[in-house]
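Descriptive analysis of the structure
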Amino acid sequence: MRKIKIIYTSMVAMLSLSLLLGSCSDDILEEEPRGVFTPEFFTTELGVQGGLTYLYENLRTIYGFAYFMSTSETGTDEYAPAQSANNNFFDLDFAGQGNLSSESGYVIGRPWGAAFPAINTASGIIENAEAVGLDQSLIAEARFFRAFYYFLLVQTYGGVPLDLGSGELKFNQSAVRTSVRNTVPEVYANAIIPDLVQAINDLPDNPRLTGTVTKNVARLFLAKAYLTYAWWLENPNNIPTYPEAPRTDPAGNSASYYFQQAYDMSVAGIENPGPYALLEYFYDVHEGSNDRHQEMMLYADHTEASEIYNGGSPINGFANPDDQRGGNTAAWMVTSNYTTISVDGVSAVQREAAQSLGRPWTRMAPTINVFTETFAEKQLDSRFDGTFVTSYRGNWDKGGGEEATITGANGMPIAPGDAVISFLDDYNPAVDYSVNGGNIGGGQLPGRADYVINLNEINKRFYPGLWKIGTYRTDNAGGLGSPNGSITRPFPIAKYSEFYLVAAEAAVKGASGRYSARELVNVIRARAGKWRFDNGEQQERMEDNSEAMMNATPAVIDINYILAERSREYFGEGYRWYDLVRTQKWNELAGSYEIAGDAATDHEPVVITRDIQPFNYLRPIPRTQIDALDMSDGEKGAYQNPGYQ
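Below is a summary of the structure that appears in this document. (Residues numbered from 1 in each chain as written. Predicted model: local features only at pLDDT ≥ 70, side-chain atom pairs only at ≥ 80, totals over all residues. Heavy atoms only, no water.)

1. Structural notes on the overall build of the protein
In terms of regular secondary structure, the protein is built from 22 helices and 21 strands. Compactness check: the protein gives a C-alpha radius of gyration of 24 Å against a globular reference of 26 Å for 645 residues, within 12% of the reference. Taken over the C-alpha atoms alone, the protein extends approximately 75 × 55 × 55 Å along its principal axes. For the protein, the share of sequence-separated contacts (at least 6 apart) that also reach a separation of at least 24 residues comes to 73%. Computed over 49 positive and 79 negative side-chain charges, the inter-centroid distance for the protein is 2 Å. (Helix = DSSP H or I, 4+ residues; strand = E, 2+ residues; numbered from the N terminus. Rg over C-alpha atoms; globule rule 2.2 N^0.38 Å. Contact = heavy atoms within 4.5 Å. Lys, Arg positive; Asp, Glu negative; His and termini not counted. Charge placed at Lys NZ, Arg CZ, Asp CG, Glu CD.)

The structure is reproduced here in structure tokens:
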């Protein structure tokens, strides 16, 4: 089948829960923009195509959105507020500087606000398209997305409404301003699981267009849903749920049953890969010129060719994080303020539209624990090098600077392209920070022209950026390009590699089959041991540490080890809060962290303690959504998750 890339343009979706406006779009078929989606529209192939395209476009309003990056990462063992953070980040860190509430709208409201218009659109397709004999595979895409968004909602907020105004899972056209939340088991049993099972039956093995969903995409999310639901049923740490419901399955199945289902579904995905596969090198999974490869199963797409099709301007970007629509700006949040690097009177590392650089908003910083614990195997495991920016290199020539070299540490010359500031893989007590090298708190070591910082001495001002999801452009023309432009890369949502880690987690929880947890994890670790390029040194590195990586895997795998592997594989991609909440390990693994202060010269880390309460395992529903409901104050209060104002 000929494959073409999906391209989007905006329309306006109809109201869902009478509150939520979304944007709809069409693909490359020049579809007519519409103010609303009506049942009649969905009885035509054109209508189904328009509705389906909106479901893909809507992914951009969540994935790659800067504040969803904060929602899913800040407050975990991966990220903490950085030097330029405000309450949108302090609220999520639970370290005493903020207070998460229903008014923390930017950081907790996007999944709620984006999901319901998509769910209603999917219901419109499912309810009306079948009557005119449209292909079941197209309807299956809508079923996938309805389940996908309900799965996101139930993980974030607990039980959510299945009736948007016209009946359970019915397409709603009316301006309904009342709502009743279903329980978590009802959402899984009535919506998520049956929709995904049907989607697997009806979806094709190969995508109808580049980036559209397939049987194996649905298998992965069903496996994840089974896994998450199994943990919810088991509830090992007695975390409360809302609306309150017994931890029993309507079908009478146990947690063990669903762990086994998660394992079996993951193994089915591994053994029936379709067009998907693990890439040989972890580096290639995230290298910008290699986007949309066979390991990437689902992504929120973007393009540098058009502001309309990108979701944000590829040239001008956004003035600040609060001024966003569907642009990809997540990497900016975790980029330190490298533009203050100054050496020999020269602005040595200037803002550039490049994967290691980009726009520095400096709102989120990785914790020291990331580098000393999660990524401890830096010489063997290529994932550290393929995740972070560990050297900031001179580019003043691209900004018009005429200096052939500048004088760096130890009076040694630095040329364009050379490292100006580097983070050391291994701790070196001889680093002399008294020089404040590069105006960014760098130290020096004998024989090195670059200034250096130990990774266990980073601060909230300057730290390794997130290379893996950073800016990539093809139109810089040898200059700095458009570093303020919205990132034009697809944002990853699901990868083929996750089948192995979902199956391994289920195996740790008692599921059985032909592969052990250690065997499954070692598939991922063996790949991680293969190098073809050293990102920090910016040079070829053909090296295979697969055997050493597999030998270092514990004989007995536990949940904490699975979570560490998931962090190494998916660091900074929006998985972490959901992983810690699912396994009820959030407080255990992220209850404290280390980092130094706001000043560039501060290399004295302190331990910061978080106060994570059991009710925080659900996010609050945005106050604006509840206030817009036409219900009594008591009913509104009962609608909100307990513990939040």
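Okay, back to it.
2. Comments concerning the side chain of N535
Within the fold, N535 resides in the loop between strand 18 (530-534) and strand 19 (539-544). Judged by relative accessible area, N535 falls into the buried class, the value being 5%. Residues contacting N535, with those up to four places away along its chain left out, are Y283, D385, F388, S391 and W467. (Buried < 20%, exposed > 50% of the residue type's maximum accessible area, 1.4 Å probe, protein only.)

3. Things to note about the packing of helix 15 (residues 498-508) against helix 18 (residues 559-570)
Relative to each other, helix 15 and helix 18 sit at 170°, their axes nearing to 10 Å. By the angle between their axes, helix 15 is roughly antiparallel relative to helix 18. Residues E498, L501, V502, A504, E505 and V508 of helix 15 form the contact with helix 18, whose participating residues are I559, I562, E565, R566, E569 and Y570. Counted by class, the contact of helix 15 with helix 18 contains seven nonpolar, no polar and five charged residues. (Axes fitted to C-alpha atoms, helices over the stretch in contact; angles between N-to-C directions. Parallel < 35°, antiparallel > 145°, perpendicular 65-115°, else oblique. Nonpolar A, V, L, I, M, F, W, Y, C, P; charged D, E, K, R; others polar.)

4. Looking at the side chain of Q350
With respect to the helices and strands, the residue Q350 is situated in the loop between strand 6 (346-347) and strand 7 (364-366). At a separation of 3.2 Å, a polar atom in the side chain of Q350 contacts the main-chain carbonyl oxygen of S347. With sequence-adjacent residues up to four places away left out, Q350 is seen in contact with Y338, T339, L357, N395, W396, G399 and L480. (Polar contact = N/O pair within 3.5 Å; in protein donor to acceptor, adjacent residues only side chain to side chain.)

5. What about the nonpolar core?
With 186 residues, the main nonpolar core has Y63, F144, F148, Y150, F221 and I341 as its most contacted residues. In this structure F221 touches F144, F148, F151, L196, L298, I493 and A494, once residues within four positions along its chain are discounted. (Core = buried A, V, L, I, M, F, W, Y, C linked by side-chain atoms within 4.5 Å.)

6. Some thoughts on helix 9 (residues 255-271)
The end-to-end C-alpha distance of helix 9 is 24 Å, a good match for the 24 Å that 17 residues give at a rise of 1.5 Å each. Within helix 9, the full set of buried residues consists of A255, Y258, F259, A262, Y263, M265, S266, V267, G269 and I270. (Expected span 1.5 Å × (residues − 1).)

7. Regarding the pairing of strand 18
Here strand 18 runs beside strand 19; their pairing, made up of four bridges, is antiparallel. Within the sheet, the bridge partner assigned to K530 lies in strand 19 and is D544. Between the end of strand 18 and the start of strand 19, which pair antiparallel, lie four residues, with Q538 showing a positive phi angle near 55°. (Pairing = 2+ DSSP bridges.)

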